[in-house]
Amino acid sequence: MNKKERFFATIERKAVDRPACWLGIPANDALPALLKHFEVADLAGLKALIGDDVWPVELPYHSPTSDAIYMAFDFAKRGHISNEERTLNSPGYFEDCTDLSAVEEFPWPDPAAYISPEECRAVVAAAPNDYATLGVVWSAHFQDACAAFGMETALMNMMAEPELFRAVINRITRFYLEANEIFYRAAGDKLDAVLIGNDFGSQTCLMLSRELIREFVLPGTKALVQQAKSHGLKVIHHSCGAVRDLIPDLIEIGVDSIHPIQALATGMDAAGLARDFGNAVSFCGGVDAQNLLVNGTPEAVRDSVRELRRLFPTGLIISPSHEAILRDIPPPNIRALFDAVHEETAR
């Protein structure tokens, strides 16, 4: 099978020669050590050497305050927050707001002003043809709504000022629908899938009740999923943490694959997920990046991947349990992960 065939077969839970795999997105300060260890010149050489199947392409966005779509809104009340320093706990523009009319007073960015269709076409066309091309659009409307108020205020407003919270998150969702439409139209049939998501889980449970997520967040998520699928794209939905209780809802709204299987989070053990949901949805991730990849031996990493392959003969894109490869992961453990993916027979 070629990379695209393997990606689609894995995500559709069909027979594969081996599971599809994805390196993730190495952090800038992690990449030099990886390139040195694998003796390659660049990320493209690294992906080719390890046999990666997925090529991520971020939606290009350039405004006066941000060069990343996930930093499009300048909600911070105490000055602009950089990507490295951002936090959902910073006081947000709507922190003290009680008037619905104030929602439209915020200087909402116009995605058409800061997204170039020509650049979208160019970045997607630059992806090698033999990889499955994954559009990284994020569209984290819940996380942005938390930043709009400051997280504590946002969560309280779901109960105390529900119409205000709903107005803000709906306005954010509208921005992402407009932004993504520009990207999808420009990319045409060159995209295979998209990565969207919000972090809903803590280490042990959902950060807020399933009922509140259903009421305030999932309508926007469903609109974003349906939009992507209307363009013929597979949808990988990201959420860190213990999100097991939300998986049936994500399946119901049409998500094709759930990322990342945070292996050490409560209820996210691969065996249980395969048993209870493996016939209804695929997964992406699974190789623990909290402890195993950081502190484990290469042999322990290989054993973990072999067990994942046993549990998921298909239906799992094997990848670290966080999309960002950080510098605390020893490169030999990345080598071990992909060596085990490519073994002819998982033990």
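Going by the structure above, here's the rest.
Residues numbered from 1 in each chain as written. Predicted model: local features only at pLDDT ≥ 70, side-chain atom pairs only at ≥ 80, totals over all residues. Heavy atoms only, no water.

**Points about the pattern of salt bridges**
The criterion, for reference: What counts as a salt bridge is simple: a side-chain nitrogen of Lys or Arg found within 4 Å of a carboxyl oxygen of Asp or Glu. Here a helix means four or more residues in a row that DSSP labels H or I, a strand means two or more in a row labelled E, and each is numbered from the N terminus. A simple rule labels every residue: compare its accessible area, found with a 1.4 Å probe on the protein chains alone, to the largest value its type can have, and call it buried under 20%, exposed over 50%, or partly exposed in between.
Applying the stated criterion across every chain, the model contains 26 salt bridges. Across the pair K4 and D192 runs a salt bridge whose closest N-O atoms are separated by 2.5 Å. With K4 in helix α1 (residues 3-11) and D192 in the loop between α8 (162-187) and β4 (193-197), this residue pair connects regions lying 188 residues apart in the sequence. On the basis of relative accessibility, which here comes to 24%, the residue K4 falls in the partly exposed class. One network of salt bridges, with partners in common, ties together E299, R302, D303, R306 and E343.

**Digging into helix α11 (residues 270-277)**
Selection rule: Contacts were defined at the residue level, with two residues in contact if any of their heavy atoms lie within 4.5 Å.
Those residues of α11 not exposed but buried are A270, G272, L273, A274 and F277. Contacts made by the buried residues of α11 are with α10 (247-252), β7 (282-287) and α13 (298-311).

**Examining the sheet that holds strand β8 (residues 316-320)**
This is how the line gets drawn: In this analysis, strands are considered paired if DSSP registers two or more bridges between them. Structural elements are reduced to axes, namely lines fitted to C-alpha atoms, with helices fitted over the stretch in contact, and the angle between N-to-C directions of any two is expressed from 0 to 180 degrees.
Spatial ordering of the open sheet is given by β2-β3-β4-β5-β6-β7-β8, a layout of seven strands whose pairing is parallel. Only two strands of the sheet have a single neighbouring strand rather than two, namely β2 (54-58) and β8. Across the sheet, the axes of successive neighbouring strands diverge by a mean angle of 30°, strand direction being ignored. Two strands pair when backbone bridges link them, and strand β6 (residues 257-259) and β7 are joined in this way by two bridges, in the parallel orientation.

**Structural notes on helix α7 (residues 151-160)**
Basically, it comes down to this: Think of the arc as the fan of directions from the helix axis to the C-beta atoms.
Among the residues of α7, those classed as buried are M151, T153, A154, N157 and M158. Buried residues in α7, looked at end-on, bunch into an arc of 160°, giving them a common side. Exposed residues pointing more than 90 degrees away from the buried face of α7 are listed as E152, M159 and A160. Each element contacted by the buried residues of α7 is listed here: α6 (141-149), α8 and α9 (210-230).

**Let's talk about the nonpolar core**
Quick note on the threshold: Remark: nonpolar core denotes a set of buried residues (Ala, Val, Leu, Ile, Met, Phe, Trp, Tyr, Cys) joined through side-chain atoms within 4.5 Å.
F94 and F283 are the most contacted members of the largest nonpolar core, which has 102 residues in total. When residues in this core are grouped by element, the largest group, 13 residues, is from α8. When residues no more than four places from it in sequence are discounted, the contact partners of F283 are I247, S257, I258, I261, L273, F277, F312, G315, L316 and I317. The next biggest cluster of nonpolar side chains, apart from the first, holds 14 residues, and it includes A20, W22, V54 and W138.

**Observations regarding the environment of L250**
Its place among the elements puts L250 in helix α10. In this structure L250 comes out as buried when scored by relative accessible area, which is 2%. Considering only alpha carbons, one finds L250 and T221, 29 residues apart in sequence, at a separation of 8.8 Å. Every residue in contact with L250, bar those within four places of it in the chain, is listed here: L218, H237, V255 and I258.

**Considerations on the packing of aromatic side chains**
Two aromatic rings, taken as a pair, are described by how far apart their centres are and by the angle between their planes. Formally: Planes of paired rings set the category: under 30 degrees apart is stacked, over 60 is edge-to-face and the rest tilted, where pairs are Phe, Tyr or Trp rings (Trp by its six-membered ring) whose centres lie within 6.5 Å. Two thresholds decide whether a charge sits over a ring: the Lys NZ or Arg CZ must be within 6 Å of the ring centre and within 35 degrees of the ring normal.
Considering all chains together, one arrives at 23 aromatic pairs under this definition. Arranged with centres 5.9 Å apart and planes meeting at 80°, the rings of F75 and W108 form a pair that is edge-to-face. Highlighted residues: F75 in the loop between β2 and α4 (111-114) and W108 in the loop between β2 and α4, separated in sequence by 33 residues. Of the two residues, F75 and W108, both sit in the buried class. Aromatic pair F94 and W108: ring centres 6.2 Å apart, planes at 25°, arrangement stacked. Pair noted here: F94 is in the loop between β2 and α4 and W108 is in the loop between β2 and α4, with a separation of 14 residues, a long-range link. No difference in accessibility class separates F94 from W108, as the two residues are buried. One residue, K3, lies across the ring of Y131, its end atom 4.7 Å from the ring centre.

**A short note on the packing of helix α5 (residues 117-125) against α8**
Stated formally: Orientation labels follow simple angle bins: below 35 degrees gives roughly parallel, above 145 gives roughly antiparallel, 65 to 115 gives roughly perpendicular, and whatever is left gives oblique. By definition, any crossing whose near helix is turned counterclockwise from its far helix by less than a right angle is left-handed, and any crossing with a clockwise turn is right-handed. Asp, Glu, Lys and Arg are counted as charged, while Ala, Val, Leu, Ile, Met, Phe, Trp, Tyr, Cys and Pro are counted as nonpolar; the rest, among them Gly, fall into the polar class.
Here α5 crosses α8 at 55°, and the two axes come no closer than 8 Å. Compared by their axis directions, α5 and α8 come out oblique. When you trace α5 past α8, the crossing you get is right-handed. Across the interface between the two elements, P117, C120, R121 and V124 of α5 pack against I182, F183, A186 and A187 of α8. Looking at the contact of α5 with α8 residue by residue, the classes come out as seven nonpolar, no polar and one charged.

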